[in-house]
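# Coordinate analysis (summary)
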Amino acid sequence: QKEVEQDPGPLSVPEGAIVSLNCTYSNSAFQYFMWYRQYSRKGPELLMYTYSSGNKEDGRFTAQVDKSSKYISLFIRDSQPSDSATYLCAMKNSNYQLIWGAGTKLIIKP
Amino acid sequence: EAGVTQFPSHSVIEKGQTVTLRCDPISGHDNLYWYRRVMGKEIKFLLHFVKESKQDESGMPNNRFLAERTGGTYSTLKVQPAELEDSGVYFCASSKNSYEQYFGPGTRLTVT
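Quick notes on the rules
Residues numbered from 1 in each chain as written. Chains lettered and ligands numbered in written order. Predicted model: local features only at pLDDT ≥ 70, side-chain atom pairs only at ≥ 80, totals over all residues. Heavy atoms only, no water. Helix = DSSP H or I, 4+ residues; strand = E, 2+ residues; numbered from the N terminus. Buried < 20%, exposed > 50% of the residue type's maximum accessible area, 1.4 Å probe, protein only. Pairing = 2+ DSSP bridges. Contact = heavy atoms within 4.5 Å. Buried area = accessible area lost by both parts, 1.4 Å probe. Salt bridge = Lys/Arg side-chain N within 4 Å of Asp/Glu carboxyl O. Polar contact = N/O pair within 3.5 Å; in protein donor to acceptor, adjacent residues only side chain to side chain.

## Concerning the environment of S40 of chain A
Residue and element names in this part refer to chain A. Turning to its location among the elements, S40 is positioned in the loop between β4 (32-38) and β5 (45-51). On the accessibility criterion, S40 (66% relative accessible area) is exposed. Sequence spacing of S40 and S84 is 44 residues, and the spatial spacing of their C-alpha atoms is 9.8 Å.

## Brief notes about the pairing of β5 of chain A
All names here are of chain A. Relative to β5, β4 runs antiparallel, the two sharing 6 bridges. Residue Y32 lies in a different strand from β5, and its bridge partner there is Y51. Hairpin connection between β4 and β5: a loop of 6 residues separates the two successive antiparallel strands, and R41 in this loop has a positive phi of roughly 65°.

## Topic: the interface of chain A and chain B
Listed by partner, the interface residues are 19 residues for chain A and 16 residues for chain B. In this assembly, chain A packs against chain B so that about 1,600 Å² is buried in total across both faces, 53% of it on carbon and sulfur atoms. In this structure, the connection of chain A to chain B is made through 1 salt bridge. Linking chain A to chain B there are 4 residue pairs in polar contact (both at pLDDT 80 or more). Contributions of two or more residues to the side of chain A that touches chain B are made by β4, β5, β9 (85-92) and β10 (98-100) of chain A. With 4 residues, the single largest contributor to the side of chain A that touches chain B is β4 of chain A.

Have a look at this one:
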């Protein structure tokens, strides 16, 4: 079983819609949770990171962590075609290594 | 400020050959990481340097992989001899702290 599960998609939504991206994990020791965005042929770019449970907002992006359910989410409001990319969740284990999800390909249709 | 750079962007080699990948981190970043993504799989951690010292190399797949960071600046990752299963995208990242890692564009390695 993978430590981090993420639906690879693709997820296709119309412009302006609210997007919900999710990951589940099995290791209760994970404390730091990250969301990265990756455009084609580029490296991952850190969008947000959160520590433990709760919400964090940055502009149109909201990251949510529910440690009791081992579930994290990234919400994108007022989605734009430029948001089309692969979104990866990553979590830090007790050795401070990043454990990654497979990435969800997001397509925003104009 | 220049970002993390990696060279080459793409390398095609035959099985049994040697390849050396290079990573130049952001200036002032003591932490340097190598990751690999094999097609169809998740990104996997390979190793972590703090300055010139290997902090954690537990992700290195086997002794055909050798990473160095002489002088604590740029890093190289050598694969010798390359095998077919080494094909994938190799990412380098650097950071000042352990949270915000900045990634390079990756080197796409194809072993034929």
